[in-house]
Amino acid sequence: MAILQVENLRKNFESLEVLKGISFSLEKGEALSIIGSSGSGKTTLLRCMNFLEMPSSGRIVVNTAAGEHVLYDDQNTKTLSESAIRKNRLHFGLVFQSFNLFPQYTALGNVTLAPRLQAKARPDYKERAAALSREIEERGMALLGQMGLADRAGYYPHQLSGGQQQRVAIARALALEPDILCFDEPTSALDPELTGEVLRVIRGLADKDTTMIIVTHEMTFAHDVSDQVIFMDGGNIVEQGPPAQVLENPREERTRQFLRGYTN
Amino acid sequence: MFAQQFPIVFHSLNVGFVQTLKLFAVTLIGAIPLGLVIAFGSMSRFRPLSILTRTFVWIIRGTPLMLQLIIIYYGPGLMGNNWWGGGEVGRFLASAIAFIINYACYFSEIYRGGIQGVPIGQNEAGQVLGMTKGQIFFRVTLLQMIKRIVPPMSNEIITLVKDTSLARIISLQEVIWAGQSFLKGSQGISGIIWPLFFTGLYYLLFSGILTILLGGLEKRLNYFR
């Protein structure tokens, strides 16, 4: 059973239909890249899965070791309570194009803030506060180390380069141990010479079988790390399959047309 | 002459300045939180509430504080129910209410700018990390908002120091009133104008201290951008 199943997902803003019935599934440990021109609905799709936008209709189901969890189903969950949405979101992590680090916290503070707040909600928090805090801190340091930023833990975001900031943002998303990690054009806001370090980190996560959805314009990268590629256009999935097929031998004329823009 | 007058005048002005400081402090204590309530009202997605709040802010910011003081102090009496009484306590209460409402409206606009100036991405980052609305406000946006509003708030606070003198219009016995009393005659002294000029030093000194304190706060928030 797939870890994520999206069925006939639609989203309109007023009369504008941005997603016109998106269906796909993702297996645990797989990396899925979503490509397509701007305005094709890629980002909206990610935002719907993270409930930054409420889908208009369709179904989103997550299936983990803890069991099946229907996050959204237009048949019976038209409206979700705020706490239900918060619970849904924890299945996903999201790394933004513009990093969105919290400027008043250090790199480590950014990574540990949400885990700390969650620890406070635990029933045994009072007795174990010190131990929990230490665990969270150690885990945060380990994550920063994994991102190659152990020596930057005490730096504030404005003291870090764009590539370093984005790696902190990845560590921050990983700190909550999401089932699926989403990237929304993670390198688009970076200088070309800084994209490499971020892509290397994401590649490292793919090698460790992290389940990921990556919206990207980096075709070579998508080709190398993905198990699946989806090409979107005008709110529809035009083509979907292994990278060798979609990126090297696309079946659809629209896909070929889009990819031609990258080979030149 | 001067050597005999000075201690008497100095004491009177000090008493008046204490009243000035009280009005200043009470206004800040009341207007800082009330301004936040008004800011949320004017940003409300519930249209009738936001229209009502914005209209209220327009009226308060669009008319002189002096007029508002007069209406609040004399209004009830003209309608046949002078609940302020004739004493200094009533005058102080009326002044405090007028100042709190007036400054809360100005503060609310500064807050609104501060809140809306925090990038939406900060809010979204908090959301995808499973934080509640309260956690996002207190842990993420509040400090960024404070950093943004400190310079314009400092400006308003310095203005408030001097605006407190407007309460003179309803005879609140603040420092200008105290200085002026020696013109007309008080405690056996009359016809001297230097006490009135001397009050300027109180304002200068106090706004100088505030400038240093608020500048210090601004600097302390410089550790992030």
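Each chain carries its own residue numbering, running from 1 in the direction its sequence is written. The order in which chains are written sets their letters, starting at A; the order in which ligands are written sets their numbers, starting at 1. In view of the model being predicted, local features appear only for residues whose pLDDT reaches at least 70, and side-chain atom pairs are presented and counted only at 80 or more, with totals across whole chains, interfaces and linings using the full set of residues. Based on all heavy atoms of the structure, the side-chain values leave hydrogens and waters out of the count.

Quick word on the interface of chain B and chain A
By a frequent convention, interface size equals the accessible area lost on bringing the separate parts together.
Stage number 1. Chain B puts 20 residues into the contact, and the matching count from chain A is 25 residues.
Stage number 2. Both sides together, the interface formed by chain B and chain A hides about 2200 Å², and carbon and sulfur atoms give 60% of it.
Stage number 3. It is B:Val128, B:Leu129 and B:Arg139 that lose the most area in chain B upon contact with chain A, and together they represent 31% of the buried surface on that side.
Stage number 4. Salt bridge, as applied in this entry: a Lys or Arg side-chain nitrogen positioned within 4 Å of an Asp or Glu carboxyl oxygen. In this assembly, chain B and chain A are joined by two salt bridges.
Stage number 5. A:Arg47 serves as the salt-bridge partner of B:Glu124, at 2.7 Å between the closest nitrogen and oxygen.
Stage number 6. We define a polar contact as two N or O atoms separated by no more than 3.5 Å, with the added condition that, inside protein, one atom must be a possible hydrogen donor and the other a possible acceptor, whereas residues neighbouring each other in sequence contribute only through side-chain atom pairs. Put simply, chain B and chain A have eight residue pairs in polar contact (both at pLDDT 80 or more) between them.
Stage number 7. Listing elements by their share of the side of chain B that touches chain A, those giving two or more residues are helix H5 (120-128) and helix H6 (133-163) of chain B. Contacts were defined at the residue level, with two residues in contact if any of their heavy atoms lie within 4.5 Å. A simple way to read buried area is as the amount of 1.4 Å-probe accessible surface that goes missing from two parts once joined, with both sides added. Secondary structure counts use DSSP, requiring at least four H or I residues in a row for a helix and at least two E residues in a row for a strand, with both numbered from the N terminus.

Description of the sheet that holds strand S2 (residues 16-26) of chain A
All names here are of chain A.
Stage number 1. Whether two strands pair comes down to DSSP finding at least two bridges between them. Taken in spatial order, the four strands make up an open sheet running S2-S1-S4-S5, and their pairing is antiparallel. The two strands at the open ends of the sheet, each matched to only one other strand, are S2 and strand S5 (67-73). The mean angle between the axes of side-by-side strands here comes to 20°, regardless of whether they run parallel or antiparallel.
Stage number 2. Here six bridges tie strand S4 (residues 57-64) to S5, and the two strands are oriented antiparallel to one another. Bridge pairing links Ile60 to Tyr72 in S5. Orientation is described by axes fitted as lines to C-alpha atoms, over the contacting stretch for helices, and by angles from 0 to 180 degrees between their N-to-C directions.

A closer look at the side chain of A:Lys42
Residue and element names in this part refer to chain A.
Stage number 1. With respect to the helices, strands and loops of the structure, Lys42 is situated in helix H1 (residues 42-49).
Stage number 2. A 1.4 Å probe rolled over the protein chains alone gives each residue an accessible area, and that area as a share of the maximum for its type sets the label: buried under 20%, exposed over 50%, partly exposed in between. Positive: Lys, Arg. Negative: Asp, Glu. His and the chain ends are not part of the count. Glu185 provides the closest opposite charge to the buried, unpaired Lys42, separated from it by 4.0 Å.
Stage number 3. From its side chain, Lys42 meets the backbone oxygen of Gly36 in a polar contact 2.8 Å long.
Stage number 4. Leaving out residues up to four positions away in the same chain, Lys42 has contacts with Ile34, Ile35, Gly36, Ser37, Glu185, Val215, His217 and Met232.

Some thoughts on the nonpolar core
Stage number 1. Membership of the largest hydrophobic core comes to 48 residues, with the highest contact counts inside it found for B:Leu23, B:Phe24, B:Phe99, B:Tyr103, B:Phe107, B:Tyr111 and B:Leu210.
Stage number 2. Secondary-structure elements contributing two or more residues to this core are helix H1 (2-42), helix H2 (47-62), helix H3 (65-78), helix H4 (88-117), H6, helix H7 (175-184) and helix H8 (194-220) of chain B.
Stage number 3. To qualify as a nonpolar core, a set must consist of buried Ala, Val, Leu, Ile, Met, Phe, Trp, Tyr and Cys residues joined through side-chain atoms within 4.5 Å. Residues A:Leu9, A:Ile34, A:Leu117 and B:Val128 belong to the second largest nonpolar core, which totals 41 residues.

Digging into the confidence of the model for chain B
All names here are of chain B.
Stage number 1. Taken residue by residue, chain B gives an average pLDDT of 92. The fraction at 70 or more is 100%.
Stage number 2. One number per residue, pLDDT, summarises how confident the predictor is, and it ranges from 0 to 100. When pLDDT is averaged over each helix and strand of chain B, the minimum, 89, is found for H7 and the maximum, 96, for H2.
Stage number 3. The ipTM for the predicted assembly is 0.92, set against a pTM of 0.85.

Points about the sheet that holds strand S6 (residues 92-95) of chain A
All names here are of chain A.
Stage number 1. Read from one edge to the other, the open sheet built from six strands follows the order S6-S7-S8-S3-S9-S10, with strand pairing classed as mixed. Looking along the sheet, the strands with just one partner apiece sit at the ends: S6 and strand S10 (236-241). Shown here is a sheet whose adjacent strand axes are inclined to one another by a mean of 20°, direction ignored.
Stage number 2. As defined by bridge partners, strand S9 (residues 228-233) adjoins S10 across five bridges and the pair is classed as antiparallel. Bridging across to S10, Asp233 finds its partner in Asn236.
Stage number 3. Along the sheet face, helix H5 (residues 162-174) touches S6 and strand S7 (180-184) and points at about 170° away from the line of S6.
Stage number 4. In this fold helix H6 (residues 192-207) packs onto S7 and strand S8 (212-215), with an angle of close to 150° to the strand it touches most, S8.

What to know about the pairing of S4(A)
Residue and element names in this part refer to chain A.
Stage number 1. Extensive coverage of S4 is indicated by the burial of seven of its eight residues.
Stage number 2. Here five bridges tie strand S1 (residues 4-13) to S4, and the two strands are oriented antiparallel to one another. Its bridge partner being in S4, Val6 is matched across the sheet by Ile60.
Stage number 3. The antiparallel pairing of S4 with S5 creates a hairpin that spans two residues between the two strands.

Some points on H2(B)
Stage number 1. Helix span, as expected, comes to 1.5 Å for every residue beyond the first. Across its 16 residues, H2(B) extends 22 Å between first and last C-alpha, which sits within 8% of the 22 Å expected from 1.5 Å per residue.
Stage number 2. Each element contacted by the buried residues of H2(B) is listed here: H1, H3 and H4 of chain B.

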